[in-house]
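Structural overview for review
Listed below, chain by chain, are the residues.
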Amino acid sequence: NDNTTVQLIEVPAEHPGQQLTLYLKGSGPGIYPWKLVTIAGSTYAVSQLPLQDKFGSTGGLSGGMWQQGNTFFSLNTNASIPCPKEPSCYYDPGMTMETFTDLVQHLTSSR
């Protein structure tokens, strides 16, 4: 455990039993690119953060989403830490892929 603070949102899947389709609007993919990753045979969409942004270094991911059965899941970091050069500034450093994988495996195995 690396003390990453996360928020898990669970809502009914829009189309249960069908493949999850995500639509990105605007310049989202250019700012924080999304990619698909496979963990234990299941596919997850994860949002990648720049390795270093204008505030400070990041863990690599802001979060991810997936569908399991009749439920859609969104797991995102929600930490707020001081910027290294400006203590009055705060930012979300994200999480590592390893942390995301550990959390997802724990969540999906407990269902």
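Residues numbered from 1 in each chain as written. Predicted model: local features only at pLDDT ≥ 70, side-chain atom pairs only at ≥ 80, totals over all residues. Heavy atoms only, no water.

1. A few points about the environment of Leu 20
Note that Leu 20 resides in the loop between β1 (6-12) and α1 (28-31). When its relative accessible area of 29% is taken as the criterion, Leu 20 is described as partly exposed. In this structure, the C-alpha to C-alpha distance between Leu 20 and Phe 72, residues 52 residues apart in sequence, is 8.6 Å. The contact partners of Leu 20, leaving out residues within four places of it in the chain, are Trp 66, Gln 67 and Phe 72. (Helix = DSSP H or I, 4+ residues; strand = E, 2+ residues; numbered from the N terminus. Buried < 20%, exposed > 50% of the residue type's maximum accessible area, 1.4 Å probe, protein only. Contact = heavy atoms within 4.5 Å.)

2. As for the layout of surface pockets
What the largest pocket holds in volume is close to 330 Å³. Leu 20, Thr 43, Tyr 44, Trp 66 and Gln 67 are, among the 15 residues lining the largest pocket, the residues nearest its centre. Going through the elements one at a time, β3 (42-48) and β4 (61-68) are the ones with two or more residues in the lining of the largest pocket. Among the residues making up the lining of the largest pocket, the classes are represented as seven nonpolar, eight polar and no charged. Roughly 220 Å³ of volume is contained in the second largest pocket. Taken together, the residues of the lining of the second largest pocket break down into six nonpolar, five polar and one charged. (1 Å grid on protein atoms, 1.4 Å probe; cavity = no way out; pocket = protein on both sides within 12 Å on 5 of 7 lines; lining within 4 Å. Points joined across faces, edges and corners; volume = space filled by probe spheres on them. Nonpolar A, V, L, I, M, F, W, Y, C, P; charged D, E, K, R; others polar.)

3. Describing the packing of aromatic side chains
When we look at a pair of aromatic rings, we describe it by the centre distance and by the angle of the planes. On inspection of all chains with the given rule, the structure shows four aromatic pairs. Ring plane angle 65 degrees and centroid distance 5.3 Å describe the contact between Tyr 44 and Trp 66, whose orientation is recorded as edge-to-face. Here Trp 66 lies in strand β4 and Tyr 44 lies in strand β3, a separation of 22 residues in the sequence. For Trp 66, a relative accessible area of 3% puts it in the buried group. Both rings, one in Tyr 44 and one in Phe 100, keep their centres 6.1 Å apart while their planes meet at 85 degrees; by these two values the pair is edge-to-face. Of the two residues, Tyr 44 sits in strand β3 while Phe 100 sits in helix α2 (residues 97-109), which places them 56 residues apart along the sequence. The pair Tyr 44 / Phe 100 is uniform in exposure class, with both members buried. (Phe/Tyr/Trp six-rings, centres within 6.5 Å; stacked < 30°, edge-to-face > 60°.)

4. Focus on the nonpolar core
Grouped together as the largest cluster of nonpolar side chains are 12 residues: Val 37, Ile 39, Tyr 44, Val 46, Leu 61, Trp 66, Phe 73, Leu 75, Met 95, Phe 100, Val 104 and Leu 107. With three residues, the top contributor of residues to this core is α2. Apart from residues lying up to four places away in sequence, Trp 66 is in contact with Leu 8, Leu 20, Thr 43, Tyr 44, Thr 71, Phe 72, Phe 73, Leu 75, Phe 100, Val 104, Leu 107 and Thr 108. (Core = buried A, V, L, I, M, F, W, Y, C linked by side-chain atoms within 4.5 Å.)

By themselves these figures say nothing about function.
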